[in-house]
Amino acid sequence: MFSTLKLIVCCFIVCAYVFRLHAKDCSVLSDDMKFDCQPETDEFATQDRCEQRGCCWQPANSVSENGDGVPYCFYPTDFATYNMSTPEETVFGYTATLKRSTKGYYPNDIMTLKLDVYLETETRIHFKIYDPANARYEVPIKTPKVTKKLNTTDYDVKFKMNPFAISVIRKSNNKVLFDTSLSPLIFADQFIQISSLLTSKNIYGLGEHQDKLAHDVTWKRFVFWARDMPPDSGNNLYGSHPFYLNMDNSGNTHGVFLLNSNAMEVMLQPTPAVTFRTIGGILDFYIFLGPKPDAVIQQYTEVIGRSYMPPYWGLGFHLCRWGYGSAENTLNVVKKMRAAGIPQDTQWNDIEYSEGRKDFTVNTTWVQPLTQLLINLHKHKQHYIPIVDPGIASTATNYGPYDDGIKKDVFVKDDQGKPIIGSVWPGKTAFPDFFNPATVKWWENWARNFHDQVEFDGMWIDMNEPSNFIDGSTNGCPSNSTYENPPYTPRVTGGKLWAKTLCMTAKHSIGLHYNLHNLYGYSEMVATHQVLINIRNKRPFIISRSTFPGSGQYGGHWLGDNDSGWSDMYYSITGILSLNFFGIPLVGADICGFNGNTNEELCQRWMQLGAFYPFSRNHNSLYCPSYPVMCKDQDPTAFSTAMQKSTANVLKIRYALLPYLYTLFYHSHINGTTVARPLFFEFPDDPMLAVVDKQFLWGSALMISPVITKGATTVDAMIPAGVWYDLITGQAINQPSTQSVRLDAPLDKINLHVRAGYILPWQYSNLTTTETRMNPINLLVALDVKGQATGDLYWDDGDSLDTVAKGAYSTWQFQADKQQINSNIIKDGFPSSSQMSLGEIKVFGLTASPSQVSANGKDVQFSYDTLYKVLTVTNLKLPFNKFNSLVWT
């Protein structure tokens, strides 16, 4: 009797198990609608494991270039997930409880979740999904705290209760922007996953990765885990920016930001849809309605923080290399640049200046010559920036920064509470915990001591992912920790989270490295920004390798250790545009390439392109390809006279346009707009421009079309509909519709075009920004077909702190209409505005030569180019802080 009952029970259990495995709805309409239930590596993915998860197994033939493809293992349409209680209205929006009744396939499911939906602004909705019973890690950056909902919004939010889903709809066209209904929400302690539909396949952002501007949605996986990794397609690189823009086929654009700093993957698939997977924290989403692309960036930076106002000299040309060998050689290069008439504002040095590659030290053979280098640079109104890595040598004798750091308890600790020791350039190293206020004071103390010896003007903070030449630490990492070996590891380069960085169990003052790794470079930027303010009492200039959302408030970024190759030159364009999406407009790549030897043609073309990076620096490595073969010099004076002349000319154009560029940075600082932007930002309703990424714009008005192909003497530029003028000659291209135009591009030329309807302020250039700023302001007026144009200018002293907040600046508005150009000062807060003058005005697109031109009612001399229809008026010498008017008849 007992045996029979036992058999019946066993049969029931087995039958129930079989039913659970096989009684599921696998009737997915198409491969594109399959959402991956087994995202682990191919070696892990098997039918047995798939079906044990309650998922469907169906082999597929489609595999993308990166190894992902149609998933063999996918969720059934009735997969068990969370159900939602009836949403309750709150003062901030809505709240609801999410519950699931069955365990999932990753350990430590959180069975009950809380959903809070914040209707924050007309164009921003914010929602969080979290554990209401146990506090979980949340990203410690400042974001707006909105406690009261907005009653009128551009969006609707809708819920599905069983199973739970949330969708956000644009009211104006009823377009669904975010919809989680096609794939189940998974929320375990160390595996969180949510998917959403996209409005189209036009998706941008998701950094930092080397990729085309518009991402391929054919099963493309992006990993977010800061890593010291030379840029290469498919690898996770230096920073983490889980933010994307999605533009629908009518040009309306929205943005989505997941505020989460844990290791993460984002998967794109051709549905089109996106899946977020993270292994910690909470789901903290912001959705931005745009609808214009640049409006999305403005709304995004309103959350993460607007970019800082860089010093004016920081927009000049910078030069560096690892391998000058001495301060004397460094100075010789600076002198050669001056002799060749090539503008340069800042000279940099890599780690060779230091003693044993230790922070805040100077090699004994460099001490006196470095002093002379700085005296010379500062005498010529130039600047100096050294590299400073976070790793602090831990075995050096009588090394103050380490000894003092131990005393003040400033270093990241291992799981035993001792400073975690890795290996970087000086050998064994400890790592400052920049989240600790005591560390910031310690960092300032040693930076100030160093500044007393070497009067630097900014800091280059490298290796701050943080990079480690060994995995974890000199003592390894605890093998039995789920932080070191989580149930799921995103496909990070190196295969493990602690590859070439710190152990995940390492302890910062505010939490585990497992949670804070992607924020390490950000924390160093925040600390260094304040330290430089305290030391110099001027605007800080910081270029950091590792970044996170919000980093643009504190400094800029360069794209890392690129190669000297044509493809890397191309990817630099997509890189600077993407970083502008991420709120870091001060960005550039190592011009001519860092790794490997360049050649004259490549470097000449790259100098032309790099002259229009927002941050413009030429830098290269020590050994090519490896020790002991030194890399060749690649500063402009290392090449032919023709190359030097070409570089001097293009940098002079940059310096001439700095008033316009500086004004763009002001708008970014105030409103969050991009500085460098893709063409589709200005023409979102033009589908021909959605994937253009070999050209870009400065602001709305200047189009840059570089040569990025070996041996080319023409460039096929996509010219948007309208009138565009050659920046140098004024020759017009009048396009009734957008089309590709083949432009002449001899080796000494980059094609630059001004958009009709805009006015650009500019100055004649000198060899430094300080000298150039002393010249009169000039105007380039590009008339549209109605004879109209507008522009503006922001001006301050270029280096003082908080000039915007203090009102110590001036702004001008320029307007052309009805054969008249007006310059009107809107705010006159710059103390030296009375010393500024309006010197010259060029007018493009004037169809006939005037018979008379007057300035402020007085006749002036002028010239007219009948070939290109350009009016030029020089030697005006008008007081720029007054209203000025130029009229022609």
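Scope of this entry: the structure provided in the associated data block.

Here is what the cut-offs are and how they apply
- Each residue is numbered by its place in its chain's sequence as written, counting from 1.
- Local features in a predicted model are, by the rule used here, given only for residues with pLDDT of at least 70; side-chain atom pairs are given and counted only at 80 or more, and totals for whole chains, interfaces and linings are based on all residues.
- In computing side-chain properties, one takes all heavy atoms of the structure into account and sets aside hydrogens as well as water.
- When DSSP finds at least two bridges between two strands, those strands are taken to pair.
- The way it works is that DSSP assigns letters per residue, a run of H or I at least four long becomes a helix, a run of E at least two long becomes a strand, and they are numbered from the N terminus.
- Put simply, buried Ala, Val, Leu, Ile, Met, Phe, Trp, Tyr and Cys residues joined by side-chain atoms within 4.5 Å make one nonpolar core.
- Burial classes follow relative accessibility: with a 1.4 Å probe on protein chains only, a residue under 20% of its type's maximum area counts as buried, one over 50% as exposed, and anything between as partly exposed.
- Any two residues whose heavy atoms approach within 4.5 Å are treated as being in contact.
- How far a helix is expected to stretch is found by multiplying one less than its residue total by 1.5 Å.
- None of His or the chain ends enter the tally, which takes Lys and Arg as positive and Asp and Glu as negative.
- Each reported salt bridge corresponds to a side-chain nitrogen of Lys or Arg within 4 Å of a carboxyl oxygen of Asp or Glu.
- Any pair of N or O atoms that falls within 3.5 Å is considered a polar contact. Within protein, one atom must be able to donate a hydrogen and the other to accept it, and sequence-neighbouring residues count only if both atoms are side-chain atoms.
- Pairs of cysteine sulfur atoms within 2.5 Å are identified as disulfides in what follows.

**Some details on the sheet that holds strand E24 (residues 422–424)**
Next up, step 1: The antiparallel open sheet is built from three strands, whose spatial order is E23-E25-E24. Both outer strands of the open sheet, strand E23 (392–393) and E24, are each paired with one neighbouring strand and no more.
Next up, step 2: Where E24 meets strand E25 (residues 427–430), three bridges bridge the pair, whose relative direction is antiparallel. For Gly-422, the partnering residue across the bridge sits in E25 and is Thr-429.

**Considerations on the nonpolar core**
Next up, step 1: Phe-243, Phe-612, Phe-696, Trp-698, Leu-702 and Val-781 are the most contacted members of the largest nonpolar core, which has 231 residues in total.
Next up, step 2: Per-element tally for this core: the top contributor is helix H10 (residues 566–581), with eight residues.
Next up, step 3: Setting aside residues no more than four positions away along its own chain, Leu-702 makes contact with Phe-612, Leu-657, Tyr-660, Phe-696, Leu-697, Leu-727, Leu-752, His-753 and Val-754.
Next up, step 4: Core analysis: the second largest hydrophobic core is formed by 41 residues, Val-168, Phe-178, Phe-224 and Val-256 among them.

**Regarding helix H9 (residues 520–536)**
Next up, step 1: With 17 residues, H9 extends 24 Å between its outermost C-alpha atoms, agreeing within 8% with the 24 Å of an ideal straight helix rising 1.5 Å per residue.
Next up, step 2: Here H9 lies mainly inside the structure; 14 of its 17 residues are buried.
Next up, step 3: Two residues or fewer past H9, Asn-537 is found with a positive phi of approximately 55 degrees.

**Structural notes on the side chain of Glu-840**
Next up, step 1: If you trace the backbone, Glu-840 turns up in strand E47 (residues 837–844).
Next up, step 2: In this structure Glu-840 is buried but unpaired, with Lys-842 as the nearest side chain of opposite charge at 4.2 Å.
Next up, step 3: Side-chain polar atoms of Glu-840 contact the side chain of Tyr-764, separated by 2.8 Å.
Next up, step 4: Beyond its immediate sequence surroundings of up to four residues, Glu-840 is in contact with Trp-762, Tyr-764, Ile-777, Asn-778, Leu-779, Thr-872, Val-873, Thr-874 and Leu-876.

**Quick look at the state of the cysteines**
Next up, step 1: Scanning the entire structure with this criterion turns up six disulfides.
Next up, step 2: Across a sulfur-sulfur distance of 2.0 Å, Cys-592 and Cys-603 are joined as a disulfide pair. The sign of the 80 degrees torsion about the S-S bond sets the Cys-592-Cys-603 disulfide as right-handed. Of the two residues, Cys-592 sits in the loop between strand E32 (590–591) and helix H11 (600–610) while Cys-603 sits in helix H11, which places them eleven residues apart along the sequence. In this structure, Cys-592 and Cys-603 share a single accessibility class: buried.

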